[in-house]
Amino acid sequence: MRLIIASILCLTLFASCTKSDVVNLIIDNVNDIEEVSVNADRESLGAQTTAIIDPLRIRAEEIASSLDDSLLASQVLISGIDGRGSLPLHVSQMLKNIPAGGVMLFRYNLNTSNEEIKNLLSETASLITENSNIPPFIAVDHEGRYVNRFLPGVADLPDASSYWNILQEEGREAALSKIEEDSFKAASIINELGINMNFAPVAEYLNDDNRDFLVHRSYGSDPFFTALAAGAFLQSMQKAGIICVVKHFPGTAGADPHYWVSVINGEKNEIDMLVFPFIYLINNGARAIMAAHSLVPLLDQRIASLSPAVMQDLLRGDLGFDGIIISDDFSMAAAGDFNKYEAAVQSIAAGADLILVWPPDLAHTHSAILSALEEGELSRNRLQDAVQRIIYEKLRMGLME
């Protein structure tokens with residue numbers, strides 16, 4: 001197993017050190033910053049133990065194994081929807097035929113009263129559940145300020161960079177306390193509306209490569225504070241019933257990847273440092289992580305969202321992450337010139353569990369997955385494994401019996 005964090009501090013502090021030395025240094029450093037507990041032993045910071053049999057996992061496996069191919073292919077898709085207040089007929093028919101594992105919401109869905117939002121989400125959840133017996137994730141991007149789909153006054157959150165300012169002016173305790181207060185309040189409101197998943201927080205600390213893209217969306221340039229701040233956000237959100245999707249693993253570079261390519265050319269110690277906040281979050285409750293469309297030549301010649309080396313070897317193997325991996329939207333420029341339906345299939349085969357799609361692409365992507373199953377390009381075991389993870393989280397959250 002690769003020692004992902006073994007060089008994070010070695011190059012800057014010591015000429016040589018052991019894995020145990022580095023793990024101890026990292027834990028001690030984090031504890032110096034804030035009295036928190038990293039949920040891993042000092043010999044294996046990145047590994048989650050699974051010695052205890054979890055009955056929810058057994059139940060999730062039973063449910064996933066009972067589904068036909070069409071429902072399996074539906075569960076790994078999280079789709080945008082048209083409509084405000086209620087579902088248009090064509091969307092109702094689409095979700096009846098393909099009861100997606102989740103839906104994602106945008107300003108055009110949420111630019112209305114809270115009552116209409118509740119109506120839309122209740123109708124959507126009921127329709128999907130009736131046609132699959134599996135309730136959907138209802139997701140939104142709610143990082144705060146610049147990434148906010150709601151009308152002003154609804155679940156307002158400041159941008160992540162504002163907490164860096166509090167850190168400088170009032171100290172670490174005040175900054176983390178404010179994050180906990182703000183995120184729990186916002187999470188309680190959006191959960192009451194019917195939302196149960198948030199594509200946040202950003203776990204990338206600011207550096208010269210990502211500054212243009214993440215300037216207001218990052219918790220700052222300190223990896224340790226970024227880890228603690230993102231952890232405070234995540235735990236407060238999840239306390240209020242919202243599963244957080246930590247992003248964007250293993251990092252981004254350059255301008256907005258919706259329009260530009262993202263290439264991370266760092267050496268191993270730089271990649272290890274980028275990954276550090278994700279390690280901390282994995283060991284402190286992260287249950288979903290978004291794979292970026294970033295190319296990391298040191299790891300693979302494929303972008304992270306299509307790379308078994310990144311998703312399986314690094315994220316699952318080295319870091320011990322056993323939650324849901326979500327691929328970012330393959331319509332983004334950073335995803336390259338791939339056919340987006342084929343890319344979705346490749347992403348699942350490489351280790352992703354949920355694929356973001358737009359409404360016009362839902363049926364095409366669903367068909368591509370079924371064709372790949374039939375032709376042997378995608379194994380049923382891999383697809384069933386992805387669905388099992390999805391159902392496990394829905395059971396764990398109490399979304400289904």
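Preceding block: the structure.
Residues numbered from 1 in each chain as written. Predicted model: local features only at pLDDT ≥ 70, side-chain atom pairs only at ≥ 80, totals over all residues. Heavy atoms only, no water.

Caption draft 1: Highlighting the overall build of the protein chain. Helix and strand counts for the protein chain stand at 16 helices and 10 strands. Out of the 401 residues belonging to the protein chain, those deemed buried represent 58%. Of all intrachain contacts in the protein chain linking residues separated by at least 6 positions in sequence, the fraction that spans at least 24 positions is 77%. Total accessible area computed for the protein chain in this model is approximately 16200 Å², and 49% of it derives from carbon and sulfur atoms. (Helix = DSSP H or I, 4+ residues; strand = E, 2+ residues; numbered from the N terminus. Buried < 20%, exposed > 50% of the residue type's maximum accessible area, 1.4 Å probe, protein only. Contact = heavy atoms within 4.5 Å. Areas by Shrake-Rupley, 256 points an atom, 1.4 Å probe, with all protein chains shown as cover.)

Caption draft 2: How the structure looks around the pattern of salt bridges. With the rule as written, the count across this model stands at 21 salt bridges. Of the charged contacts, one joins Asp69 and Arg380 as a salt bridge, the two residues approaching to 2.8 Å between their closest N and O atoms. Highlighted residues: Asp69 in helix H4 (residues 69-75) and Arg380 in helix H16 (residues 380-396), separated in sequence by 311 residues. Here Arg380 falls in the partly exposed class, since its relative accessible area comes to 30%. The network of salt bridges with shared partners includes Arg57, Arg287, Asp322, Glu393 and Arg396. (Salt bridge = Lys/Arg side-chain N within 4 Å of Asp/Glu carboxyl O.)

Caption draft 3: Up close: the nonpolar core. Formed by 126 residues in total, the largest nonpolar core has its most connected members in Phe199 and Ile391. With residues up to four places along the chain from it excluded, the contact list for Ile391 reads Ala60, Ile63, Ala64, Leu67, Ile134 and Met400. (Core = buried A, V, L, I, M, F, W, Y, C linked by side-chain atoms within 4.5 Å.)

Caption draft 4: Representation of the layout of surface pockets in the model. What the second largest pocket holds in volume is close to 390 Å³. Residue lining of the second largest pocket: 21 residues in total, with Asp141, Arg149, Arg217, His258 and Asp328 positioned closest to the centre. (1 Å grid on protein atoms, 1.4 Å probe; cavity = no way out; pocket = protein on both sides within 12 Å on 5 of 7 lines; lining within 4 Å. Points joined across faces, edges and corners; volume = space filled by probe spheres on them.)

Caption draft 5: Quick peek at the sheet that holds strand E1 (residues 77-80). Here we have 8 strands rolled up into a closed barrel, ordered E1-E2-E3-E6-E7-E8-E9-E10, and parallel in their pairing. Where strand E8 (residues 288-291) and strand E9 (residues 324-327) come together, 4 bridges link them in parallel fashion. Along E9, the bridge assignment pairs Ala291 with Ser327. Strands strand E7 (243-249) and E8 of the sheet are contacted by helix H12 (residues 268-282), whose axis makes an angle of about 160 degrees with E7. (Pairing = 2+ DSSP bridges. Axes fitted to C-alpha atoms, helices over the stretch in contact; angles between N-to-C directions.)

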